[in-house]
Amino acid sequence: MSLYFSIVMPAYNEEECIEQVVTMWTSFLKNTFPGKETKLIVINDGSKDGTKQILDRIAPAIDNLYVVHQPNGGHGNAAVNGYRKAVELNSEWVFQTDSDDQFVTEDVTKLWAKRNESNFIMGYRQVRFDAPARLVITRILKYTIFFAYGTFINDANIPFRLIKGSYLKKLLAQLPNPEPFAPNIFLAVMAKKAGEKTFDIPITHKERLTGTVSILRWKLIKVCIQSFKELLNFRLDLNSKVRAIKAS
């Protein structure tokens, strides 16, 4: 199978909105790319609520929906596994978003309009509806990346990015092993350092109306410290990774 456009969507405990979100994004694919082979690849990351059952119920009736169930490995792991599946399905273009209904489909066209200018294009939550602690950590992360790597990315971990499939394959081959907690950050840093124009295109971010954030309070601080350590350690390997990306 070869796909023109695929969407990678991690999902965890989203029973309240998953059917609505799946319908929204699969309809977007059909309306935006008529006559093209497209898929919404949903990675159910070991949800403990009714997310799995809902996906299994609706999947047979939606021909451009591809569902994968996996044991809980975290958002980053689910995203990477979705990316790998998109590459395996020979996707020409891969878009990644989340399943919590905080983004709008119309904003994809802003990224799509830049597809001939870059292999890696990112949105930017100019106004972000998240807990204050997450906003503070995002700002710290932004400046950590700047001081560690000399590159500035407004929203390095945003789950709203468009990547050329062949280029994504190169990036995935250079991800650190063991896999980092927030691999989307590493993909963005490698792409930026390899010369891609990430753009940081302003997009809409809506308030979360359903479900709960899976990482809160002390656990959020703990995983952020882990991510900062992983980023600092990655400095030693970044140049060789970038050379490999450019050479492949």
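For clarity, every value in this text was computed on a predicted model and none was experimentally measured.

S.K.: Account for the overall build of the protein chain, with residues named and values stated.
M.R.: The number of helices and strands found in the protein chain is eight helices and seven strands. The C-alpha atoms of the protein chain give 17 Å as radius of gyration, which agrees with the globular expectation for 248 residues (18 Å, within 12%). By principal-axis analysis of the C-alpha atoms, the protein chain measures approximately 50 × 40 × 30 Å. Looking at the protein chain residue by residue over its 248 residues, the buried ones come to 53%. A separation threshold of at least 6 residues defines the contact pool for the protein chain, and within that pool the share at least 24 residues apart is 85%. For the protein chain, the accessible area works out to roughly 11,800 Å², and carbon and sulfur atoms hold 52% of it. With 33 positive and 25 negative side-chain charges, the protein chain shows a separation of 8 Å between the mean positions of the two kinds.

S.K.: Which residues make up the nonpolar core, and what are the values?
M.R.: Formed by 73 residues in total, the largest nonpolar core has its most connected members in Phe5 and Trp25. Here phenylalanine 5 is in contact with Leu29, Phe33, Glu37, Thr38, Lys39, Trp93, Phe95, Val108, Trp112 and Leu162, once residues within four sequence places are set aside.

S.K.: Quick one: what's the story with the environment of glutamate 37, residue by residue and with numbers?
M.R.: Turning to its location among the elements, glutamate 37 is positioned in the loop between α1 (18–32) and β2 (38–45). If we ignore the near neighbours within four places in the chain, the residues touching glutamate 37 are Ser2, Leu3, Tyr4 and Phe5.

S.K.: Tell me what's going on with helix α7 (residues 183–193), and back it up with residues and numbers.
M.R.: Most of α7 sits out of view: nine of its 11 residues are buried. Every buried residue belonging to α7 is among Pro183, Asn184, Ile185, Phe186, Leu187, Ala188, Val189, Met190 and Ala191, and all of these are buried. Glycine 195 sits one or two residues past α7 and shows a positive phi near 105°.

S.K.: If you had to explain unusual backbone geometry to someone new, which residues and values would you point to?
M.R.: At the junction of asparagine 177 and proline 178, the peptide bond is cis and its omega measures out at 5° in the coordinates. Located in the positive-phi region is asparagine 90, a residue other than glycine, with phi close to 55°. Topologically, asparagine 90 is positioned in the loop between α3 (75–88) and β4 (91–96). Under the relative-accessibility criterion, asparagine 90 is labelled partly exposed at 45%. At phenylalanine 199, a residue that is not glycine, the phi angle is positive and equals roughly 70°.

S.K.: So what's going on with the sheet that holds β4? Residues and values would help.
M.R.: An order of β3-β2-β1-β4-β6-β5-β7 is seen for the seven strands of this open sheet, with the pairing classed as mixed. Every other strand in the sheet has two partners, leaving β3 (65–70) and β7 (201–203) as the edge strands with one partner each. Between one strand axis and the next, the sheet turns by 20° as a mean value, whatever way the strands run. Sheet analysis places β2 next to β3, joined by six bridges and oriented parallel. Of the residues in β3, the one forming a bridge with leucine 40 is leucine 65. Relative to strand β6 (residues 161–164), helix α6 (residues 165–173) is tilted by about 95°, and along the sheet it contacts β4, β5 (120–125) and β6. Helix-sheet contacts for α7 involve β4, β5 and β6, and the interaxial angle to β5 is about 120°.

S.K.: Could you give an account of the side chain of aspartate 107, naming the residues involved and the relevant values?
M.R.: For aspartate 107, the position within the fold is in the loop between β4 and α4 (108–112). For aspartate 107, the side chain forms a polar contact with the main-chain nitrogen of threonine 204, separated by 2.7 Å.

S.K.: Just give me the short version of the packing of α6 against α7, but keep the residues and values in it.
M.R.: When two helices pack together, their arrangement is given by the angle between their axes and by how far apart the axes lie. Between α6 and α7, whose axes approach to 10 Å, the crossing angle comes to 110°. Between α6 and α7, the interaxial angle falls into the category roughly perpendicular. The interaxial crossing formed by α6 with α7 has right-handed handedness. Facing Tyr167, Leu171 and Leu172 of α6, the residues of α7 in contact are Leu187, Met190 and Ala191. Across the contact of α6 with α7, the residue classes break down as six nonpolar, no polar and no charged.

S.K.: Describe the pairing of strand β1 (residues 3–11), listing the residues and the values that go with them.
M.R.: Burial runs high along β1: nine of the nine residues are buried. With seven bridges connecting them, β1 and β2 associate as parallel partners. Across the sheet, valine 8 pairs through a bridge with isoleucine 41, a residue of β2. Crossover β1 to β2 through α1 is right-handed.

Reading guide: rules and limits
Residues numbered from 1 in each chain as written. Predicted model: local features only at pLDDT ≥ 70, side-chain atom pairs only at ≥ 80, totals over all residues. Heavy atoms only, no water. Helix = DSSP H or I, 4+ residues; strand = E, 2+ residues; numbered from the N terminus. Rg over C-alpha atoms; globule rule 2.2 N^0.38 Å. Buried < 20%, exposed > 50% of the residue type's maximum accessible area, 1.4 Å probe, protein only. Contact = heavy atoms within 4.5 Å. Areas by Shrake-Rupley, 256 points an atom, 1.4 Å probe, with all protein chains shown as cover. Lys, Arg positive; Asp, Glu negative; His and termini not counted. Charge placed at Lys NZ, Arg CZ, Asp CG, Glu CD. Core = buried A, V, L, I, M, F, W, Y, C linked by side-chain atoms within 4.5 Å. Pairing = 2+ DSSP bridges. Axes fitted to C-alpha atoms, helices over the stretch in contact; angles between N-to-C directions. Polar contact = N/O pair within 3.5 Å; in protein donor to acceptor, adjacent residues only side chain to side chain. Parallel < 35°, antiparallel > 145°, perpendicular 65-115°, else oblique. Left-handed = near helix turned anticlockwise from the far one by under 90°. Nonpolar A, V, L, I, M, F, W, Y, C, P; charged D, E, K, R; others polar. Right-handed = clockwise from strand over helix to strand, strands pointing away.

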